[in-house]
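# Descriptive analysis of the structure
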Amino acid sequence: ALLDPAQLKWAHSPATPAVPVPTPWPKAAFDAHAKVYQTRRAKLRADNRPESEINALFREDRAYNEGLFAKAPYRDTLGAFQGANYSSTGYYRPELQCLMFDRSDTFCSVCQHGIEEIIDLYSQSQ
């Protein structure tokens, strides 16, 4: 939750200067598309359709997101984008795209940092 914009959870990676917090993004278009996508996905699952059809839907959804996000002015910045933790409102993520959000190819820089910290924690010799 973004209780205090001056105290972002990912403060070790401060927001890009001049990026508004909360950070604007094409959320309304994303949410409208996500609703249609989830309905289609649920129908495919309910009808026990082959995984190839599910995967085709995943690729279609990803292509839509890529096109939508390509036009976003804060696409490559660190900020506070509303929509995280499986909720459309109330929770924020540090970057527009991340594998944890929209099945992008990579984790965002904040997730990468967290993963590195955990690996380092468990890989240090005792």
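You'll find the structure just up there.
Small disclaimer: the values here were computed from a predicted structure and weren't measured. (Residues numbered from 1 in each chain as written. Predicted model: local features only at pLDDT ≥ 70, side-chain atom pairs only at ≥ 80, totals over all residues. Heavy atoms only, no water.)

### Describing the pairing of strand β2 (residues 87–93)
Relative to β2, strand β1 (residues 81–84) is paired through three bridges, and the arrangement is antiparallel. Bridging from a neighbouring strand, phenylalanine 81 pairs with arginine 93 of β2. Adjacent in sequence and paired antiparallel, β1 and β2 are bridged by two residues, among which asparagine 85 carries a positive phi angle near 55°. (Pairing = 2+ DSSP bridges. Helix = DSSP H or I, 4+ residues; strand = E, 2+ residues; numbered from the N terminus.)

### Regarding the packing of helix α1 (residues 27–46) against helix α2 (residues 51–70)
Relative to each other, α1 and α2 sit at 175°, their axes nearing to 10 Å. As the angle between them shows, α1 and α2 are arranged roughly antiparallel. Of α2, the residues touching α1 (which contributes Ala29, Phe30, His33, Tyr37, Arg40, Arg41, Leu44 and Arg45) are Glu51, Glu53, Ile54, Leu57, Phe58, Glu60, Asp61, Tyr64, Asn65, Leu68 and Phe69. When the residues that make up the contact of α1 with α2 are grouped by side-chain class, the tally is ten nonpolar, two polar and seven charged. (Axes fitted to C-alpha atoms, helices over the stretch in contact; angles between N-to-C directions. Parallel < 35°, antiparallel > 145°, perpendicular 65-115°, else oblique. Contact = heavy atoms within 4.5 Å. Nonpolar A, V, L, I, M, F, W, Y, C, P; charged D, E, K, R; others polar.)

### A few points about the environment of threonine 23
Structurally, the position occupied by threonine 23 is in the segment before α1. As for threonine 23 and aspartate 105, which are separated by 82 residues in sequence, their C-alpha atoms are 22 Å apart. Ignoring sequence-local partners within four residues, the contact set of threonine 23 consists of Tyr74, Gly79, Ala80 and Phe81. At a separation of 2.7 Å, a polar atom in the side chain of threonine 23 contacts the main-chain carbonyl oxygen of proline 20. (Polar contact = N/O pair within 3.5 Å; in protein donor to acceptor, adjacent residues only side chain to side chain.)

### Some thoughts on the pattern of salt bridges
Throughout the structure, instances matching the rule amount to eight salt bridges. For aspartate 105, the salt bridge identified is with arginine 62, shortest N-O distance 2.4 Å. Of this pair, aspartate 105 sits in the loop between α3 (99–102) and α4 (109–123) while arginine 62 is found in helix α2, placing the two residues 43 residues apart along the sequence. Taking the relative accessible area as the measure of exposure, arginine 62 reaches 29% and is therefore partly exposed. For the salt bridge of arginine 75 with aspartate 76, the shortest nitrogen-to-oxygen distance reads 3.8 Å. (Salt bridge = Lys/Arg side-chain N within 4 Å of Asp/Glu carboxyl O. Buried < 20%, exposed > 50% of the residue type's maximum accessible area, 1.4 Å probe, protein only.)

### Looking at the state of the cysteines
Here the structure, examined in full by the defined rule, presents zero disulfides. Cysteine 98 takes part in no disulfide bond, and the closest cysteine sulfur to it belongs to cysteine 111, at a distance of 3.6 Å. No disulfide involves cysteine 108; its nearest neighbouring cysteine sulfur is the one of cysteine 111, lying 3.7 Å away. (Disulfide = S-S within 2.5 Å.)

### A short note on the nonpolar core
Counting nine residues, the largest nonpolar core is built from Leu2, Leu8, Trp10, Leu78, Ala80, Tyr92, Cys98, Cys108 and Val110. With near-sequence residues (within four places) excluded, tyrosine 92 lies in contact with Ala1, Leu2, Trp10, Pro22, Ala80, Phe81, Gln82, Gly83 and Ala84. Counting residues in each nonpolar core, the second largest holds seven residues, with Leu68, Phe69, Ala72 and Phe81 among its members. (Core = buried A, V, L, I, M, F, W, Y, C linked by side-chain atoms within 4.5 Å.)

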